[in-house]
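Residues per chain, in single letters:
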Amino acid sequence: MSDTTPSAEMLADMYALAVRARKLDERCWILHRQGKIGFHISGMGHEAAQVAVTFAMRRGHDLLHPYYRDLAMVLGCGMPMADVLLGSFGRAGDPSSGGRQMPNHYCYKPGNVFSVSSPVGTQLPQAAGLALAEQLRGGDRVVVTCIGEGSTSEGDFHEALIWAGVRKLPMVVVVENNEYAISVPMKLQMAIERVSDRAGGYGVRGVSVDGLDLLASYQAAREAVDLARSGGGTTLLEVRVARLTPHSSDDNDSVYRPAAEKAALKLKDPLPKLRAQLIAMGALSEVAAREIEERALSEVDAAHRQAEAAPYPPEAWALGPVFAGEEA
Ligand SMILES: Cc1ncc(C[n+]2csc(CCOP(=O)(O)OP(=O)(O)O)c2C)c(N)n1
Ligand SMILES: [Mg+2]
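Our subject in this report is the structure included herewith. (Residues numbered from 1 in each chain as written. Chains lettered and ligands numbered in written order. Predicted model: local features only at pLDDT ≥ 70, side-chain atom pairs only at ≥ 80, totals over all residues.)

**Overview of the overall build of the protein**
Along the protein, the regular secondary structure elements total 10 helices and seven strands. Since a compact globule built from 328 residues should have a radius of gyration of about 20 Å, the 19 Å found for the protein is in line with a globular shape. Summarising its shape, the C-alpha atoms of the protein cover approximately 55 × 50 × 40 Å along the three principal directions. Counting the 328 residues in the protein, one finds 48% classified as buried. Long-range pairs, those at least 24 residues apart, make up 74% of the contacts in the protein between residues at least 6 apart in sequence. (Helix = DSSP H or I, 4+ residues; strand = E, 2+ residues; numbered from the N terminus. Rg over C-alpha atoms; globule rule 2.2 N^0.38 Å. Buried ≥ 20, exposed ≤ 12 C-beta atoms within 10 Å, placed from the backbone. Contact = placed C-beta atoms within 7 Å.)

Structure follows, in structure tokens:
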């Protein structure tokens, strides 16, 4: 057993984070179908990998530049559920944008979570810039940034990875490979089997791991974060996950995803597997698991009530402020 093996207490905390993300995610789909929120994009199927990466970070110290599926990561970095839902409901108190961004464009300054931008891939050069700044300052913070496999075809990815390799930046680039970019399957996105095979071309370390397996993902993420902190440079960490939902609330995946493939997705859900694994290991009892699940649901209910009752932004906010210092 390596010294990075999580304790039973930490495993229970990891399960709790995965469950909190799942319950909130499920509530958002319900709210969307009820016509109460305008949009939702899901992290379902990505949670084990996201929890693993979050726990590998020094949360509140390291920096996270996430993408739209990273619900478990932003919750793990301290973003309250109510803040997430204030964004979903487009309310004035939304910390990401005062209710003017699309939902799931997370930002949480107290947890060092940088703002998600809609054009995919833009977080990569921004994260490389943060990592370069940290390196120049002589700090020990690691920058973790996440991206879907489809978005690694963007020039932004290429440019960021070049910098990462040349400057040995203290960064981990997590590629959440769910094998689809909206409707485009992986074999039409790239002519390689593993996204991590791209790493060598930039002079960075490339690792692929089963992102449905929390323990394997945690070991891989810890190695990558520790290496980055100790001056060993960037790792491109590919976590092989499953997109359990359509691309977003506004997508119909039945038109491009074979029915048999969709049916098989249930078997890929990382949460029941994690639950059974932790109980078998003795890290969780059935009662403790149920308590975690009930607590998460109560937290979602409270956040839901709070966000739905919150006021909308004033009309004038629609015209500003967009830039710092600008008045509405
Ligand atoms: C520059 C840019 N091009 C296209 C889009 C539209 N778009 C939004 S998400 C997405 C798919 C991204 O797929 P992937 O990177 O695999 O992430 P996933 O959604 O599968 O997690 C696309 C094409 C966009 N937002 N930005
Ligand atoms: Mg994808």
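**Focus on the nonpolar core**
Among the nonpolar cores identified, the biggest contains 91 residues, and Ala18, Ala52, Met171, Val172 and Leu237 are the most heavily contacted of them. Considering each element in turn, this core owes the most residues, 10 residues, to helix 1 (residues 8-33). Ignoring any residue separated from it by four or fewer positions in sequence, one finds leucine 237 in contact with Val172, Val173, Val174, Val175, Val207, Val209, Ala220, Ala221 and Ala224. (Core = buried A, V, L, I, M, F, W, Y, C linked by C-beta atoms within 7 Å.)

**Looking at unusual backbone geometry**
The phi torsion at asparagine 104 lies on the positive side, around 70°, for a residue other than glycine. With phi around 70°, glutamate 179 is a residue other than glycine that occupies positive phi space. Mapping glutamate 179 onto the fold places it in the loop between strand 3 (171-177) and strand 4 (180-181). Owing to 17 C-beta atoms within 10 Å, glutamate 179 belongs among the partly exposed residues under this scheme.

**Let's talk about the site of ligand 1**
Taken together, 14 residues sit near ligand 1, with Pro119, Gly148, Gly150, Ser151 and Ala181 positioned nearest. Residue composition of the shell around ligand 1, by class: five nonpolar, six polar and three charged. (Near = placed C-beta within 6 Å. Nonpolar A, V, L, I, M, F, W, Y, C, P; charged D, E, K, R; others polar.)

**Things to note about the sheet that holds strand 6 (residues 205-210)**
Within the open sheet, the five strands sit side by side as 1-2-3-7-6. Their pairing is parallel. Of all strands in the sheet, those with a lone pairing partner are strand 1 (63-65) and strand 6, marking the two edges. Going from strand to strand, the sheet's axes swing by 20° on average, the running direction of each strand aside. Both strand 2 (residues 143-148) and strand 3 contribute to a ladder of six bridges, which runs parallel. Bridge pairing in strand 3 links cysteine 146 to valine 174. Against the sheet, helix 5 (residues 123-137) engages strand 1, strand 2 and strand 3, with an angle of about 170° to strand 2. The sheet contacts of helix 7 (residues 214-229) involve strand 3, strand 6 and strand 7 (235-240), and relative to strand 7 the element is tilted by about 170°. (Pairing = 2+ DSSP bridges. Axes fitted to C-alpha atoms, helices over the stretch in contact; angles between N-to-C directions.)

**Points about helix 9 (residues 270-281)**
The first and last C-alpha atoms of helix 9 sit 16 Å apart over 12 residues, in line with the 16 Å expected at 1.5 Å per residue. Taken together, the buried positions of helix 9 are occupied by Pro270, Leu271, Leu274 and Leu278. Down the axis of helix 9, the buried set is contained in an arc of 90°. They therefore lie on one face. Along helix 9, exposed side chains directed more than 90 degrees from the buried face belong to Pro272, Ala276 and Ala280. Directly beyond the C-terminal end of helix 9, a positive phi value near 85° is found at glycine 282. (Expected span 1.5 Å × (residues − 1). Arc of directions from axis to C-beta.)

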